[in-house]
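If you want the building blocks of each chain, they are given just below.
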Amino acid sequence: MNISEAIRARRSIRRYKPGVEIPREDFQKILEAAMMAPSACNSRPWEFVVVTDRQILEGITKGMTYTQMLKTASAAIIVCGLPQAQAGISEGFWPQDCGAAIENILLQALDLGYGTCWCGVYPRESNIAAVRQYVETEGVPLAVIAIGVPDESPAPRGHYEESKVRFL
Ligand SMILES: Cc1cc2nc3c(=O)[nH]c(=O)nc-3n(C[C@H](O)[C@H](O)[C@H](O)COP(=O)(O)O)c2cc1C
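Cut-offs and rules
- Throughout, a residue's number is its position along its own chain's written sequence, starting from 1.
- Only residues with pLDDT of at least 70 get local features here, since the model is predicted, and only at 80 or more are side-chain atom pairs given and counted; chain-wide, interface and lining totals rely on the full set of residues.
- In DSSP terms, a helix is any run of H or I states spanning at least four residues, a strand is any run of E spanning at least two, and both are numbered starting from the N terminus.
- Helix span, as expected, comes to 1.5 Å for every residue beyond the first.
- The burial label depends on the number of other C-beta atoms within 10 Å of a residue's C-beta. Counts of 20 or more mean buried, 12 or fewer mean exposed, and intermediate counts mean partly exposed, with C-beta atoms placed from the backbone.
- Two residues qualify as a contact pair if the distance between their C-beta atoms, derived from the backbone, is within 7 Å.
- A strand pair is defined by DSSP finding two or more bridges across the two strands.
- A fitted line through C-alpha atoms represents every axis, and for helices the fit uses only the stretch in contact; the resulting angles, taken between N-to-C directions, go from 0 to 180 degrees.
- Handedness of a crossing is defined here by the sense of rotation of the near helix relative to the far one, left-handed for an anticlockwise turn of less than a right angle and right-handed for a clockwise turn.
- For this scheme, ten residues count as nonpolar: Ala, Val, Leu, Ile, Met, Phe, Trp, Tyr, Cys and Pro. Four count as charged, namely Asp, Glu, Lys and Arg, and the remainder, Gly too, count as polar.
- Joined through C-beta atoms within 7 Å, a set of buried Ala, Val, Leu, Ile, Met, Phe, Trp, Tyr and Cys residues constitutes a nonpolar core.

1. Observations regarding helix H4 (residues 94-111)
Taking 1.5 Å as the rise per residue, H4 with 18 residues should run 26 Å; its terminal C-alpha atoms sit 26 Å apart, in good agreement. Among the residues making up H4, those that are buried are Trp 94, Asp 97, Cys 98, Ala 101, Ile 102, Ile 105, Leu 106, Gln 108, Ala 109 and Leu 110. Lining the buried residues of H4 we find helix H1 (3-9), helix H2 (24-35), strand S1 (46-51), strand S2 (75-81), strand S3 (115-120) and strand S4 (140-148). Gly 113 lies just past H4 and shows a positive phi near 95°.

As structure tokens, this is what we get:
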């Protein structure tokens, strides 16, 4: 699958084959892709926590709405932003930087045969608190990415919206 195909094939996956263990090398490849994303002044203001513990995954579904897919997902990758990594150089760009890293996670995972679902944490305080209950970080929990082998195959969307584009 080339990158053009991956971008167009990707969909959020909310049902996964249960009991699948993702090898450590796959997580490393996915997180390497995340860390290859561009970031303001190359500040790399991120931290990644891979969660496979079922109790923690279950706990997150209780504290955060719209995360029920974690019940069948093999794991969650918690993406935390590190605003302090940008102090004095490029303050405030960290959510954009983390967003770029997240998109790389989704696409690299797809290329390895996994499905994902990006669940937004930041800036909703109740979500941040729910994640902090289970994940210690000096950063700000920004997103929970569910990952696993898909047990559904939503069709590619394909939506180029002419009205949202202007050429000047
Ligand atoms: C910032 C952000 C937060 C999201 N939060 C959730 C979420 O909490 N739960 C969920 O099921 N999907 C979540 N999504 C996935 C979107 O619902 C999904 O990307 C959108 O409906 C388009 O569908 P697609 O990803 O299949 O193209 C989120 C996506 C983004 C980018």
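2. Topic: the environment of Asp 97
Within the element layout of this structure, Asp 97 appears in helix H4. Each C-alpha atom, one on Asp 97 and one on Ile 3, is 20 Å from the other, the two residues being 94 residues apart in sequence. Among all residues touching Asp 97, those that are not within four sequence positions of it are Ala 37, Ser 39, Ala 40, Pro 45 and Trp 46.

3. Let's talk about the sheet that holds S2
Strands in a sheet are paired, the pairing made by backbone hydrogen bonds, and the direction either parallel or antiparallel. Sheet architecture is open: four strands sit in the order S1-S2-S4-S3, paired in antiparallel fashion. In this open sheet, the two edge strands, each paired with only one partner strand, are S1 and S3. For this sheet the average axis-to-axis angle between neighbouring strands, irrespective of direction, equals 20°. Examined bridge by bridge, S3 and S4 share six bridges and lie antiparallel to one another. Residue pairing in the sheet places Thr 116 in a bridge with Ile 147 of S4. Strands S1, S2, S3 and S4 of the sheet are contacted by H4, whose axis makes an angle of about 160° with S2.

4. Remarks on unusual backbone geometry
Each neighbour pair has its own omega, and for Tyr 122 with Pro 123 the value is 10°, a cis peptide bond. The phi angle at Cys 41 is positive, at roughly 50°, despite the residue not being glycine. Its place among the elements puts Cys 41 in the loop between H2 and S1. Positive phi outside glycine occurs at Tyr 66, with the angle close to 60°. Considering the arrangement of structural elements, one finds Tyr 66 in the loop between helix H3 (54-63) and S2.

5. As for the packing of H2 against H4
Axis angle and axis distance: for two packed helices, these are the angle between their axes and the distance between the axes, and together they describe the pair. Axis separation between H2 and H4 bottoms out at 7 Å; the angle between their running directions is 145°. In the crossing of H2 with H4, the sense of the turn from one axis to the other is right-handed. On H4, the residues touching Lys 29, Ile 30, Ala 33, Ala 34 and Met 35 of H2 are Ala 101, Asn 104, Ile 105, Gln 108 and Ala 109. When grouped by side-chain class, the residues that make up the contact of H2 with H4 number seven nonpolar, two polar and one charged.

6. Focus on the environment of Trp 94
In this structure, Trp 94 sits in helix H4. Taking the C-alpha atoms as reference points, Trp 94 and Leu 82, 12 residues apart in sequence, are found 6.9 Å from one another.

7. Focus on the nonpolar core
Here is a general trend for soluble globular proteins: nonpolar side chains tend to be buried in one another's company. Residues Ala 73, Ala 76, Val 79, Ile 105, Val 144, Ile 145 and Ala 146 are the most contacted members of the largest nonpolar core, which totals 40 residues. Residue assignment for this core shows that the elements contributing at least two residues are H2, S1, H3, S2, H4, S3, helix H5 (125-132) and S4. For this core, the leading source of residues is H4, giving eight residues. Residues within four places of Val 144 in sequence aside, it is in contact with Ile 60, Thr 67, Ala 76, Ile 78, Cys 119, Val 121 and Val 131.

In short, the description is geometric, and any link to function would need to be established separately.
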